[in-house]
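# Fold and geometry: a report
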Amino acid sequence: MAAYEAVVGLEIHARLLTESKLFCSCPAAFGAEPNEQVCEVCAALPGALPRLNGRAVELAARAGLALQCRVNAFSLFSRKNYFYPDLPNGYQTSQYAPPICEHGHLDVLVGGSVRRIGITRIHMEDDAGKCVHGQYGATLVDLNRAGTPLIEIVSEPDLRGAEEAAAFMRQIHSLLVYLGITDGNMEEGSLRCDANVSLRPRGMTALTTRTEIKNLNSFRNVQRAIAYEMERQEACLEDGGVVVQETRLFDAVRQITLPMRDKEDAHDYRYFPTPDLPPVLVREEQLRQWRESLPELPVPRARRFVESYGLAPEEAGLLTADRPTADYFEEAAALSGLPLRVARLMVGELLRECSARGISPAGAAMTPARLSELARLIEDGTLSQRMAHEIFADLFASGASPAAYARERNHIQVSDAGELEAAVDAVLADHPAEAEGYRQGKTKLLSFLVGQVMRRTRGQANPALVNHLLRNKLG
Ligand code: ZN
Ligand code: MN
């Protein structure tokens, strides 16, 4: 790919976390029996009129604020006309010009450096229903999803490769989930993405012909589809061919993209403002309230964790991936006064237990108070890091007091030098060759000897103290 630069832009559809649909009061929840959540509006019966869901406007505006967009005081819904069996109106009600939000950006962390990716626009639109193929030898239409509220986030063509695009989508996902704008459930289609991909000779700044890959529904597929498409276009250009503007599909089984149809342009859709809905007006006072109630966002929060608690950037990133995790960390750090130990326990133990059980730290039996108690026990030498690791799963599942648990099971660390000296002497007597080797300069043997002492004391010795004693005795 040395001769070419990839130019990638994403269009991300996120389902808004509202109770009801965008233009009617049918429930928007996923998973009901087919056609149980349908009324005359979302089935497009003649004469039925839409009414805009105010909560959807609020969520779309919040997404815009979080992505540093201008939120327009005035925006319009238009009809985007096309025919498909699961689209009963014969058009999608979407925002064309002006959309609710424009001109934002997101700073994305890729490979250790920050890239600013422009956000062209965010608009609201309704989702289509679903065709279910094959049952009773026919294709059936389920309209439960028809009319559920979406936002479409359109990026500038600022992304320079597959990995960067996947990182951008991940960060959009975590931001939207963090703010409660979407549930982010990708298996249920709450976040889907189309990718526009083109190549141009390095050094060129103009845009070249692009292809659009439709409906990518996982981070992995975004990355693989774009990577494949880049290779395909490169091979085509190297052969002296031209890239044809078209819409392509990603075949996740074969890991390739395939042509689907000629790419349509905006004018093909015959957009026009819908006569059924008044303009969307956002008052300044309302916008101010939404802006002020926006919580601290993950990226600034991660930066604050690094600066005020001294966490490593990777730790801070993991601990701010969602709000309950970040809140849990701050509570335990405040209770214990030991932010570094708390971070280490969370990253090394708690998050793993949580993801194994599919729960959030907020729902764990082990509260921030219990975790901070554990951090204290390690700090004052009562428990070693290793003992804490051994008993962590039990503590996590039961929510028991770490101090009481450790006492009952005799998991108290031996920090008494007199008591440990006997064990150290015994180990040196059992392993004269290794002791001699260490004295000759094979310093790596020290960890072997420490390990022997730990074994002898069934893991209860204070490793730092064992280290110290061994070094002393070995001169
Ligand atoms: Zn309805
Ligand atoms: Mn769309």
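All values derive from a computational prediction rather than experimental measurement.

As far as domains go, the protein chain holds domain 1 (11-182 + 247-252 + 261-286), domain 2 (295-408) and domain 3 (417-474). Summarising the inter-unit geometry, the C-alpha centres of domain 2 and domain 3 are found 32 Å apart.

Moving on, we get to the pattern of salt bridges. Applying the stated rule across the entire model yields 33 salt bridges. Across the pair aspartate 251 and arginine 254 runs a salt bridge whose closest N-O atoms are separated by 3.2 Å. By relative accessible area, arginine 254 is classed as exposed at 54%. Put simply, glutamate 349 and arginine 352 hold a salt bridge, and the shortest N to O gap is 3.1 Å. Of this pair, glutamate 349 and arginine 352 both sit in helix α8 (residues 339-357), three residues apart, roughly one helical turn. Taking the relative accessible area as the measure of exposure, arginine 352 reaches 40% and is therefore partly exposed. Via salt bridges that share partners, Glu296, Arg301, Arg304, Asp327 and Glu330 belong to a single interconnected network.

Quick look at the coordination of the manganese ion (ligand 2) now. Protein coordination of the manganese ion (ligand 2) is provided by His13 (NE2), Glu125 (OE) and Glu152 (OE), with donor distances spanning 2.0 to 2.2 Å. In primary sequence terms, the donor set of the manganese ion (ligand 2) follows H-x111-E-x26-E. Pair noted here: histidine 13 is in strand β1 (residues 4-15) and glutamate 125 is in strand β7 (residues 113-126), with a separation of 112 residues, a long-range link. Note on histidine 13: relative accessible area 12%, which makes it buried. Its relative accessible area of 2% is what places glutamate 125 among the buried residues.

Turning next to the coordination of the zinc ion (ligand 1). Here the zinc ion (ligand 1) is held by Cys24 (SG), Cys26 (SG), Cys39 (SG) and Cys42 (SG), and the distances to it run 2.3 to 2.4 Å. For the zinc ion (ligand 1), the four donor atoms are set out with angles of 101 to 115° between them, so the coordination reads as tetrahedral. Motif for the zinc ion (ligand 1), donor spacing along one chain: C-x1-C-x12-C-x2-C. With a gap of 18 residues between them, cysteine 24 in the loop between β1 and α1 (54-66) and cysteine 42 in the loop between β1 and α1 connect regions that are remote in the sequence. We classify cysteine 24 as buried; its relative accessible area is 12%. On the basis of relative accessible area, cysteine 42 is assigned to the buried category, the value being 7%.

Take a nonpolar patch on the surface next. Nonpolar side chains collect at one region of the surface, where Val132, Tyr136 and Leu140 lie side by side and expose about 310 Å² of accessible area between them. Mapped onto the elements of the fold, leucine 140 is located in strand β9 (residues 139-142).

Our focus in this paragraph is unusual backbone geometry. Of the consecutive residues alanine 97 and proline 98, the connecting peptide bond is found in the cis state with omega at -10°. Along the chain, the position of proline 98 falls in the loop between β5 (91-94) and β6 (101-110). Positive phi values are uncommon outside glycine, yet asparagine 35 reaches one of about 60°. Along the chain, the position of asparagine 35 falls in the loop between β1 and α1. For histidine 103, which is not glycine, the phi dihedral falls at a positive 60°. Position of histidine 103 relative to the elements: it lies in strand β6. Judged by its relative accessible area of 52%, histidine 103 is exposed.

With that settled, consider the layout of surface pockets. By volume, the second largest pocket amounts to about 1,000 Å³. Among the elements of the structure, β6, α2 (162-178), α5 (298-309) and α6 (313-319) are those that each provide at least two residues to the lining of the second largest pocket. Sorting elements by how many residues they give to the lining of the second largest pocket places α2 first, with seven residues. Residue classes in the lining of the second largest pocket are distributed as 19 nonpolar, seven polar and five charged. A domain-level breakdown of the lining of the second largest pocket finds at least three residues from each of domain 1 (11-182 + 247-252 + 261-286) and domain 2 (295-408).

Moving on, we get to the environment of tyrosine 269. Tracing the backbone shows tyrosine 269 in the loop between β14 (256-262) and β15 (272-273). The sequence separation of tyrosine 269 and proline 99 amounts to 170 residues, and the corresponding C-alpha distance is 16 Å. Excluding anything up to four places from it in sequence, tyrosine 269 contacts Arg79, Lys80, Asn81, Tyr82 and Glu264.

A separate point is the packing of aromatic side chains. In total, this model carries eight aromatic pairs according to the counting rule given. Taking the centre distance of 4.9 Å and the plane angle of 50° together, the rings of phenylalanine 305 and phenylalanine 329 count as tilted. Highlighted residues: phenylalanine 305 in helix α5 and phenylalanine 329 in helix α7 (residues 323-336), separated in sequence by 24 residues. Judged by relative accessible area, which is 0%, phenylalanine 305 ranks as buried.

Below, the discussion takes up the pairing of strand β4 (residues 78-81). Relative to β5, β4 runs antiparallel, the two sharing four bridges. Across the sheet, the residue bridging to asparagine 81 is tyrosine 91, located in β5. Across two bridges, the pairing between β4 and β15 is antiparallel. Bridge pairing links arginine 79 to phenylalanine 272 in β15.

We now examine α1. Taking 1.5 Å of rise per residue, the 13 residues of α1 would be expected to cover 18 Å, and the 19 Å separating its terminal C-alpha atoms lies within 8% of that figure. Across the 13 residues that make up α1, a large majority, eleven, are buried. If you check which residues of α1 are buried, you get Ala56, Val57, Glu58, Leu59, Ala60, Ala61, Arg62, Ala63, Gly64, Leu65 and Ala66. Its side-chain oxygen at 3.0 Å from the backbone nitrogen of arginine 55, asparagine 53 defines the N-terminal cap of α1. A positive backbone phi angle near 60° is found at glutamine 68, which sits one or two residues after α1.

Glancing now at the pairing of strand β8 (residues 130-133). Pairing analysis gives four bridges linking β8 to β9, with the strands arranged antiparallel. Paired with histidine 133 across the strands is threonine 139, a residue of β9. The antiparallel pairing of β8 with β9 creates a hairpin that spans five residues between the two strands, and glycine 134 there sits at a positive phi of about 100°.

Thresholds, definitions, all that
- Residues numbered from 1 in each chain as written.
- Chains lettered and ligands numbered in written order.
- Predicted model: local features only at pLDDT ≥ 70, side-chain atom pairs only at ≥ 80, totals over all residues.
- Heavy atoms only, no water.
- Domains from an automatic or database assignment.
- Salt bridge = Lys/Arg side-chain N within 4 Å of Asp/Glu carboxyl O.
- Buried < 20%, exposed > 50% of the residue type's maximum accessible area, 1.4 Å probe, protein only.
- Helix = DSSP H or I, 4+ residues; strand = E, 2+ residues; numbered from the N terminus.
- Donors = N, O, S within 2.8 Å, 3.2 Å for Na, K, Ca; no water.
- Tetrahedral: all angles 85-135°; square planar, octahedral: opposite > 155°, others 65-115°.
- Patch = residues over 30% accessible without salt bridge, like charges linked within 9 Å, V, L, I, M, F, W, Y side chains within 5 Å.
- Areas by Shrake-Rupley, 256 points an atom, 1.4 Å probe, with all protein chains shown as cover.
- 1 Å grid on protein atoms, 1.4 Å probe; cavity = no way out; pocket = protein on both sides within 12 Å on 5 of 7 lines; lining within 4 Å.
- Points joined across faces, edges and corners; volume = space filled by probe spheres on them.
- Nonpolar A, V, L, I, M, F, W, Y, C, P; charged D, E, K, R; others polar.
- Contact = heavy atoms within 4.5 Å.
- Phe/Tyr/Trp six-rings, centres within 6.5 Å; stacked < 30°, edge-to-face > 60°.
- Pairing = 2+ DSSP bridges.
- Expected span 1.5 Å × (residues − 1).
- Polar contact = N/O pair within 3.5 Å; in protein donor to acceptor, adjacent residues only side chain to side chain.

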